[in-house]
Amino acid sequence: MKLQGKVWKFGNDVDTDLIIAARYLNSSDPAELARHCMEDADPRFASRVQPGDIIVAAKNFGCGSSREHAPIAIKAAGVSCVVAKSFARIFYRNAFNIGLPIFECPEIIDELKEGDTITVDAATGAITNLTTGKKYQAAPIPDFMRQIIEAGGLINYVKGRVKQGV
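Residues numbered from 1 in each chain as written. Predicted model: local features only at pLDDT ≥ 70, side-chain atom pairs only at ≥ 80, totals over all residues. Heavy atoms only, no water.

## Brief notes about the packing of aromatic side chains
Move 1: For the coordinates displayed, the defined rule picks out six aromatic pairs.
Move 2: For the pair Phe-61 and Phe-91, a centre-to-centre distance of 5.3 Å together with 85° between the ring planes defines the contact as edge-to-face. Residue Phe-61 is located in the loop between β2 (54-57) and α4 (69-76), and its partner Phe-91 is located in helix α5 (residues 89-98); the two are separated by 30 residues in the primary sequence.
Move 3: Feature note: the residues Trp-8, Phe-10 and Phe-45 constitute an aromatic cluster, connected by ring pairs. (Phe/Tyr/Trp six-rings, centres within 6.5 Å; stacked < 30°, edge-to-face > 60°. Helix = DSSP H or I, 4+ residues; strand = E, 2+ residues; numbered from the N terminus.)

Here it is as structure tokens:
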């Protein structure tokens, strides 16, 4: 799985309230959540993000409450993946549960500019900045976790395995 998109850059400690504010949690509709994704961090994000774009952030992305609404909003907004120095553990787990690929790459945030175009190879963890030609290495996603992402999340993965009789 290779992903390519324009970079949206965010800093340290982007919490789940910045990803999707609590005032929108009365909805679990992914399309509604997408309309408000990141609006408290960058009011222009939801109206300008394009399918395939990539969020790049500093440390502790997704900290705060354990709500699954945060990765759902990001995925529904069309973001293909998130690359960060580090992730809050509950966000990490929730992202994979809903099928949003995430990658840890500590050095990338300091060198990318918002608007750069990058590619991310989920199998190898190779990241290339197509704007500058610079290459980075993130931890690759293990095979079994890539299968969960490719299925669209953990529930779909389990349903598929049940159908196969596994």
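Alright, that's what it looks like, and here's the rest.
## Concerning α5
Move 1: Of the residues making up α5, those classed as buried are Phe-91, Asn-94, Ala-95, Phe-96, Asn-97 and Ile-98.
Move 2: Buried residues along α5 sit in contact with α1 (16-19), α4, β4 (102-104), α7 (143-150) and α8 (154-164).
Move 3: Positive phi shows up at Gly-99, right after α5, with a value of about 90°. (Buried < 20%, exposed > 50% of the residue type's maximum accessible area, 1.4 Å probe, protein only. Contact = heavy atoms within 4.5 Å.)

Keep in mind these numbers describe shape, not what the thing actually does.
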